Amino acid sequence: MALPTYASQLERTWHFIYLVICTLVFVFLIAPILVIVPLSFNAEPYFTYTDKMLSFDPEGYSLRWYDSLLTTGMQAHEAVRDAAWWSDLWHNADWVKAAKNSVIIGFWATILSTVLGTLAALGLARPEMPWRRTIMAILISPMIVPIIIVATGMFFFYSNPCAIVGMDCGRLTSTYTGVIMAHAALGIPFVIITVTATMSGFDQSLIRAAASLGANPRRTFFKVVMPLILPGVISGGLFAFVTSFDEVVAVLFIAGPDQQTIPREMWSGIREQISPAILAVATILVIISISLLTTVELLRRRSERLRGVSPR
């Protein structure tokens, strides 16, 4: 942002200092990501920059760690890459199985958290809703309370959900259902916040106008309310998916061997065998996160245009 022509010398100096501070903060935040990406192409099994990498020698760079993401855990990874090889990869490769679990769990957790979070936000947006602040505080508490406490509580509750009424109805730990429900609970606060922010500029008179024209509540919601809050709903869903895709603490407490996700596979890899393949996974996750955040920003601007607000 350019300074006006009438700005004093002191204001110009402070503006320059402000830009320098912002640049340093930005570099401090982005530096760890910038360090990881080149190291994922290291030809050697090290977590440091080799002399060949620093001299930009092509022999110092390789895609071997990205290839290892496909072959680790396969029964015959050195075989000819025919249909049988790809079948072996799909069913046995450790990182592929973790990716499938992350997508499956993230998809259903996103659906569940988006539906429940949107319904909660619509109720909290009504002016006649009693105890709004208290209910909001309770619903977003999973985002505020330390995740280790939330995960511990989930573990004991999911071990026997019916214990609170003195019954034994089985356990949800080490099941896909339990992990999906846990991730949905962690994603609901993000949906509530984004949809509530979208509803803050919603004109309630539109609902009354639709009712005066004979539309029932269901038709009013899908024809009037939903199109206007859809960008916020999608943004909340994307945040919920990223939360599920990146979550590891609850998975460590609740998931079993069959529910290995990418973050848990990375955790296991760091503990058991250090491999630059983890850096390759981190680079892929960074690209996915940037893509999702870009989508969220585009949706935010679209939502502001729909509400008559000038995008910033």
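Residues numbered from 1 in each chain as written. Predicted model: local features only at pLDDT ≥ 70, side-chain atom pairs only at ≥ 80, totals over all residues. Heavy atoms only, no water.

### Quick word on the side chain of Thr118
Short version of the rule: Per the convention used, a helix needs a DSSP run of H or I reaching at least four residues, while a strand needs a run of E reaching at least two, with both numbered from the N terminus. Think of it in three bands: residues with accessible area under 20% of the maximum for their type are buried, residues over 50% are exposed, and the middle band is partly exposed, with areas taken using a 1.4 Å probe on protein chains only. Contacts between residues were defined by any pair of non-hydrogen atoms, one from each residue, lying within 4.5 Å.
With respect to the secondary-structure elements, Thr118 resides in helix H5 (residues 94-124). Judged by its relative accessible area of 7%, Thr118 is buried. Ignoring sequence-local partners within four residues, the contact set of Thr118 consists of Ser113, Val191, Val195, Ile229 and Val233.

### Observations regarding the packing of aromatic side chains
Applied cut-off: Here the aromatic set is Phe, Tyr and Trp, taking the six-membered ring for Trp, and pairing holds for ring centres within 6.5 Å; pairs whose planes are under 30 degrees apart are stacked, those over 60 apart are edge-to-face, and all others are tilted. Charges are assigned to positions over rings by a cutoff of 6 Å between ring centre and Lys NZ or Arg CZ, combined with an angular limit of 35 degrees from the ring normal.
Evaluation of the coordinates by the stated rule reveals 9 aromatic pairs. Among the aromatic residues, those joined into a ring-pair cluster are Phe155, Phe156 and Phe253. Sitting over the face of the ring of Trp90, Lys100 holds its NZ or CZ atom 4.3 Å from the ring centroid.

### So, the environment of Ile287
Relative to the helices and strands, Ile287 is located in helix H14 (residues 277-306). For Ile287, a relative accessible area of 51% translates into the label exposed. In this structure, the C-alpha to C-alpha distance between Ile287 and Phe56, residues 231 residues apart in sequence, is 23 Å.

### Quick word on unusual backbone geometry
Positive phi, close to 60 degrees, is recorded for Phe56, a residue that is not glycine. With respect to the element layout, Phe56 can be found in the loop between helix H2 (51-54) and helix H3 (64-71). Residue classification places Phe56 among the exposed positions, given a relative accessible area of 68%. The backbone of Ser174 sits at a positive phi, close to 60 degrees, despite the residue not being glycine. Counting through the fold element by element, Ser174 comes out in the loop between helix H8 (147-159) and helix H9 (176-199). Residue classification places Ser174 among the partly exposed residues on the basis of a relative accessible area of 36%.

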